[in-house]
Amino acid sequence: AGARAPGRTLMSEAGFLRRLAGKPVGEPGLLGRATLAEQSGLAPAVVEALALFDGFSRDAEPFALRDLILARKYAGLLAGGAGWGAIVRSVHRFGPAVSLTAASLRLGDEGGIYAAHGDGLAELDGQLLFGFAEAGDDADALFAEAETAEAAGRHAEAAALYARVLAADPGDAVAAFNRANCLAAAGRGSEAEAELARALKLDPGFVEAWFNLAGLLAERGSVEAACAYLGRALAVDPGYADAVFNLAGLQFAAGRHAEAEAGWRRYLELDATSEWARKAERGLRYLALAAAHGAEA
C-alpha cells in the first residue's frame, strides 16, 4: 500500500525477473483482474496481493485459465480461515504457483496450508504429515480427549486429535466419522466428505455416515448424489426415519412428487407424533391440493 503512487507500476519478484531477462510469461492470458475476482469469489484487493507475491502464473492481467483454477483454490482456503499471506508463503515453499493447479490444498488446524496425499496430508514440499502415530500415543486416551474438545465446540482441536487417533488406529471408522463432523462444523466441507468416505470404506454399513455424507452433498447442490447416498443408508436400515424424511424432501425439490409422497407416508408409519411428522403431513396436503388443482385444470 505504501508503494502505490500515481504513475508507478508495481510488479512481483518473478514478474520483474521475467522482464529483466526478456522471458515470455508462458501460456496466453485471457482474463482481466475483475473477471478473475468475480469468477473465483476473491476480493479484488486479494487478487492484487496474491498476484504481486507470485501466487499466480502472471503478476498482472490478463491472467491465464490456470490462474482461475488457483484463484478458486485460494478462495476455498480463505473461506476456511487462511490469510493471503499464509497462502503466498506456502506457494513460495512449493515452487512455481502454476504447479499447484493439480494439487488438492487443505488448511491445517494451525493455519498452515498442506496438500492432500492419499488419506493424509503432506507439506507442500512433499514431507508427509500424520503418517505415523506420535510416540506414546494411546488411541483410547486420545479419543476421549477428542470427544471432550468436540463437546466443548473446539472443532478444529477435536479434528486434530481425531487425526492422531486415526494415525494410531487407522481402522477406527468412528474416529473418522467424528472427525468428519468436526470438520463440517469448522466449515471444511470437502475434508469432511473425504473423512466420511474413509469411514464408509472401513465400515460400509455405517448408516449415519451415509446419512451425513448425503447431507453435505445436498448442501452444495448435488441432489442426485445425496439421494443415492440416502438410498444406501436405507438399504442398510430401512427403518431409519431421518433418512426417509430427508429423501422425501429432496425428491419433492427435484419434482418427483410420487416418490416424495411415498416417502412422507413411509415416514408417518415410522413417526406419527413429532414436529417432523407434522411437516410430512403438510407436504402430503400440499401434494393433494396440487393434484386436485391439476385435475380441475
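Residues numbered from 1 in each chain as written. Predicted model: local features only at pLDDT ≥ 70, side-chain atom pairs only at ≥ 80, totals over all residues. Heavy atoms only, no water.

Trainee: Please clarify how the overall build of the protein chain should be interpreted in this entry.
Mentor: If you tally the helices and strands in the protein chain, you get 14 helices and four strands. A total of 297 residues make up the protein chain; the buried ones form 39% of that total. When the accessible surface of the protein chain is split by element, carbon and sulfur atoms take 55% of a total near 15600 Å². (Helix = DSSP H or I, 4+ residues; strand = E, 2+ residues; numbered from the N terminus. Buried < 20%, exposed > 50% of the residue type's maximum accessible area, 1.4 Å probe, protein only. Areas by Shrake-Rupley, 256 points an atom, 1.4 Å probe, with all protein chains shown as cover.)

Trainee: What is the right way to look at unusual backbone geometry in this model?
Mentor: For residues that are not glycine, phi is negative in most cases, and the peptide bond is trans in most cases. Cis geometry is adopted by the peptide bond preceding Pro62, which originates at Glu61 and carries an omega value of 0°. Along the polypeptide, Pro62 turns up in the loop between α3 (44-52) and α4 (65-79).

Trainee: Mind showing me how you'd approach the packing of helix α2 (residues 33-40) against α4 here?
Mentor: Think of two packed helices as two axes; the pair is described by the angle between the axes and how far apart they sit. Two numbers describe how α2 lies on α4: the axes approach to 9 Å, and their chain directions differ by 45°. Taken together, the axes of α2 and α4 lie oblique to each other. Here α2 runs over α4; the crossing is right-handed. In contact with Leu36, Gln39 and Ser40 of α2, α4 contributes Asp67, Leu68, Ala71, Arg72 and Ala75. (Axes fitted to C-alpha atoms, helices over the stretch in contact; angles between N-to-C directions. Parallel < 35°, antiparallel > 145°, perpendicular 65-115°, else oblique. Left-handed = near helix turned anticlockwise from the far one by under 90°. Contact = heavy atoms within 4.5 Å.)

Trainee: I tried to follow the packing of aromatic side chains on my own but got confused; where do I start?
Mentor: For any pair of aromatic rings, geometry is given as the distance between the ring centres together with the angle between the planes. By the definition in use, this model includes 11 aromatic pairs. Seen from their ring centres, Phe143 and Tyr162 are 5.5 Å apart, and the 75° between their planes marks the pair as edge-to-face. On the criterion of sequence distance, the pair formed by Phe143 in helix α6 (residues 139-151) and Tyr162 in helix α7 (residues 155-168) is long-range, its members being 19 residues apart. The interplanar angle of 65° and the centroid separation of 5.2 Å between the aromatic rings of Phe245 and Tyr267 together place this pair among those described as edge-to-face. With a gap of 22 residues between them, Phe245 in helix α12 (residues 241-253) and Tyr267 in helix α13 (residues 257-270) connect regions that are remote in the sequence. Judged on exposure class, the residue Phe245 and its partner Tyr267 are both buried. Through a chain of ring-to-ring contacts, three or more aromatic side chains come together here, namely Phe56, Phe63 and Tyr74. (Phe/Tyr/Trp six-rings, centres within 6.5 Å; stacked < 30°, edge-to-face > 60°.)

Trainee: Can you help me understand the pattern of salt bridges in this one?
Mentor: Taken as a whole, this structure holds 12 salt bridges when the rule is applied. In this structure, Arg179 engages Glu195 in a salt bridge whose closest nitrogen and oxygen atoms are separated by 2.8 Å. With Arg179 in helix α8 (residues 173-185) and Glu195 in helix α9 (residues 189-202), the pair connects residues that are 16 residues apart, well separated along the chain. Judged by relative accessible area, which is 7%, Arg179 ranks as buried. Across the pair Arg198 and Glu195 runs a salt bridge, and its minimum N-O distance is 3.0 Å. Of this pair, Arg198 and Glu195 both sit in helix α9, three residues apart, which is roughly one turn of that helix. (Salt bridge = Lys/Arg side-chain N within 4 Å of Asp/Glu carboxyl O.)

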